[in-house]
Amino acid sequence: MAAIYSLYIINKSGGLIFHKDYGSAGRMDTNDSLRVASLWHSMHAISQQLSPVVGCSGIELLEADTFDLHCFQSLTGTKFFVVSEPGTQRMESLLKVIYELYTDYVLKNPFYEIEMPIRCELFDIHLTQAIQKDRVALTGR
Amino acid sequence: MIGVGKIKQYSNVLDKPLAKGKQEVSLSAFAFLFSELVQYNQTQVDNIAELERRLEDAGYAVGARVLELLCHRDKGNRRETRLLGILSFVHSTVWKVLFGKVADSLEKGTEHEDEYMISEKELLVNRFISIPKDMGTFNCGAFVAGIVRGVLDSAGFPAVVTAHFVPMEGQQRPRTTILIKFAEEVLRREARLG
């Protein structure tokens, strides 16, 4: 069974601009989620320097006992990361889909200020649909 | 050489036939341009009513020009003189050229004689736009309302055109209705024409 625990989007300076919890595990209050976001931002930046491989662009996957963390960084430095159950497949493609939704419903919205928290109704609606579709595709129901 | 046609040279640029133009334009490019238009106008105004008026004025200019172009290119320089004629022209031809499809529906208002409504499930200009809660009933479709007003005004049917969100039961997103309220003289002329 594959499930997503939560989705975070952080801007290029490390501030949390979007956060959504799915499922009952791993829920945090707002302050904690802000801390997780900045923590991940710093870790991502440090890993780029620490990497023995030349031209590394940062952590893409973090595997732990009770969760997996998949991260996607766009060319502009905006990071999308999702905390999911261990062994969940196809999170990279889901992250790319979410990136596309971001470019469509957030960046083309004249009322959205760049780097500010996302408050776009259409983005929420389509995100829910995408996650739902992904869940159905993965679990078959 | 076989198959090489001779391109007819026009001495006067005004004699060249009007090109059909590119049938396809990038939606993303338009969305970004429109988003910037809205943002630019937001910096120039103090309130929402003013912003709506500015978007409408921008659309008015487009409407006037679109009418000229379509009358010449698609209708062979015939002009509409009847109310239903101009309404179906806007509903089908103008919509098809601007948005790639005819409008969803054209209805006559039930309460007033001079009101007509063009409805659309979602206007193309609003496709990527989410209105923040504190902006109330503002609708970027005011741009499209301006286009319709431009077409009607230049065709000799002065009207007041506005765009409204109409919530529908069972649907998450409200429909958009362009409400057209014709001036008195239009109705009198129409009655006279019989």
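Chains are numbered independently. Their residues run from 1 in the order of the written sequence. Note on labels: chains are lettered from A, ligands numbered from 1, in written order. Owing to the predicted nature of the model, reporting of local features is limited to residues with pLDDT of at least 70; listing and counting of side-chain atom pairs is limited to 80 or more, with chain, interface and lining totals taken over all residues. Think of the side-chain values as coming from all heavy atoms in the structure, minus any hydrogens and water.

Undergrad: An account of the overall build of chain B is needed here, citing residue identities and associated values.
TA: Secondary structure elements follow DSSP: runs of H or I no shorter than four residues count as helices, runs of E no shorter than two count as strands, and numbering proceeds from the N terminus. Broken down by element type, chain B carries 5 helices and 4 strands. Along the chain direction, N to C, the helices and strands of chain B fall in the order α-α-α-β-β-α-β-β-α. Dimensions of chain B along its principal axes, counting C-alpha atoms only, are 65 × 45 × 35 Å. Exposed residues in this analysis have more than 50% of their type's maximum accessible area, buried residues have under 20%, and partly exposed residues fall in between, with area computed by a 1.4 Å probe over protein chains only. Counting across all 194 residues of chain B, residues that qualify as buried make up 38%.

Undergrad: How would you explain the interface of chain A and chain B if you had to name every residue and give the values?
TA: On the chain B side, the residues contacting the 11 residues of chain A number 20 residues. By convention, the term buried area covers the 1.4 Å-probe accessible surface removed from two parts as they join, with the contributions of both added. Both sides together, the interface formed by chain A and chain B hides about 1,400 Å², and carbon and sulfur atoms give 63% of it. Among the residues of chain A in contact with chain B, Lys108, Pro110 and Phe111 of chain A are the three that bury the most area, contributing 51% of the side total. Glu121 of chain A is the salt-bridge partner of Arg173 of chain B, the closest N and O atoms lying 3.8 Å from each other. Pairing of N or O atoms within 3.5 Å defines a polar contact, subject to two protein rules: one partner must be a possible hydrogen donor and the other a possible acceptor, and residues neighboring in sequence count only if both atoms are side-chain atoms. Joining chain A to chain B, the criterion identifies 3 residue pairs in polar contact (both at pLDDT 80 or more). In the side of chain A that touches chain B, the residues fall into 7 nonpolar, 1 polar and 3 charged. Contacts: residue pairs with any heavy atoms within 4.5 Å of one another. When a carboxyl oxygen of Asp or Glu is within 4 Å of a side-chain nitrogen of Lys or Arg, the pair counts as a salt bridge. All residues other than Ala, Val, Leu, Ile, Met, Phe, Trp, Tyr, Cys, Pro, Asp, Glu, Lys and Arg, Gly among them, are scored as polar; the first ten of these are nonpolar and the last four charged.

Undergrad: Account for the sheet that holds strand E2 (residues 115-120) of chain B, naming residues and giving values.
TA: Strand pairing in a sheet is mediated by backbone hydrogen bonds. Such pairs are either parallel or antiparallel. All names here are of chain B. Note on pairing: DSSP must find at least two bridges between two strands before they are called paired. Across the sheet, 4 strands lie side by side as E1-E2-E4-E3; this open sheet has antiparallel pairing. Pairing within the sheet leaves two strands with one partner each, and these edge strands are strand E1 (105-108) and strand E3 (159-166). Recorded for the sheet is a direction-independent mean angle of 20° between the axes of neighbouring strands. As paired strands, E3 and strand E4 (residues 175-182) are joined by 8 bridges and run antiparallel to one another. Paired with Ala163 across the two strands is Ile178, which belongs to E4. Simply put, an axis is a line fit to the C-alpha atoms, just over the touching stretch for a helix, and the angle between two N-to-C directions goes from 0 to 180 degrees. The strands touched by helix H3 (residues 83-99) within the sheet are E1, E2 and E4, with E2 carrying the most contacts at an inclination of about 15°.

Undergrad: Go over the pairing of E1 of chain B with me, naming the residues and quoting the values.
TA: Residue and element names in this part refer to chain B. Bridging between E1 and E2 involves 4 bridges; their strand directions are antiparallel. Bridge pairing links Lys108 to Tyr116 in E2. A loop of 6 residues connects E1 with E2, the two strands running antiparallel in sequence.

Undergrad: If you had to explain the sheet that holds strand E3 (residues 61-63) of chain A to someone new, which residues and values would you point to?
TA: All names here are of chain A. Judged by pairing direction, the sheet is antiparallel, and its 5 strands sit side by side in the order E2-E1-E5-E4-E3 without closing on themselves. Two strands bound the open sheet, and with one partner strand each, they are strand E2 (16-21) and E3. This sheet shows a mean twist of 10° between the axes of neighbouring strands, independent of strand direction. Here strand E1 (residues 4-10) pairs with E2 via 5 bridges, running antiparallel. From the neighbouring strand, Tyr8 faces E2, where its bridge partner is His19.

Undergrad: Kindly report on the environment of Gln129 of chain A, identifying the contributing residues and their values.
TA: Residues and elements named next belong to chain A. Relative to the elements of secondary structure, Gln129 occurs in helix H3 (residues 121-139). With a relative accessible area of 47%, Gln129 lands in the partly exposed category. Separated by 23 residues in the primary sequence, Gln129 and Val106 place their C-alpha atoms 16 Å from one another.

Undergrad: Any chance you could break down the pattern of salt bridges for me, citing the residues and the numbers?
TA: Residue and element names in this part refer to chain B. For the structure on display, the rule yields 16 salt bridges over all chains. Among the salt bridges present, the one from Arg53 reaches Glu50, with a minimum N-O distance of 3.3 Å. Of this pair, Arg53 and Glu50 both sit in helix H2 (residues 48-73), 3 residues apart, which is roughly one turn of that helix. Taking the relative accessible area as the measure of exposure, Arg53 reaches 44% and is therefore partly exposed. The partly exposed category is assigned to Glu50, whose relative accessible area is 28%.

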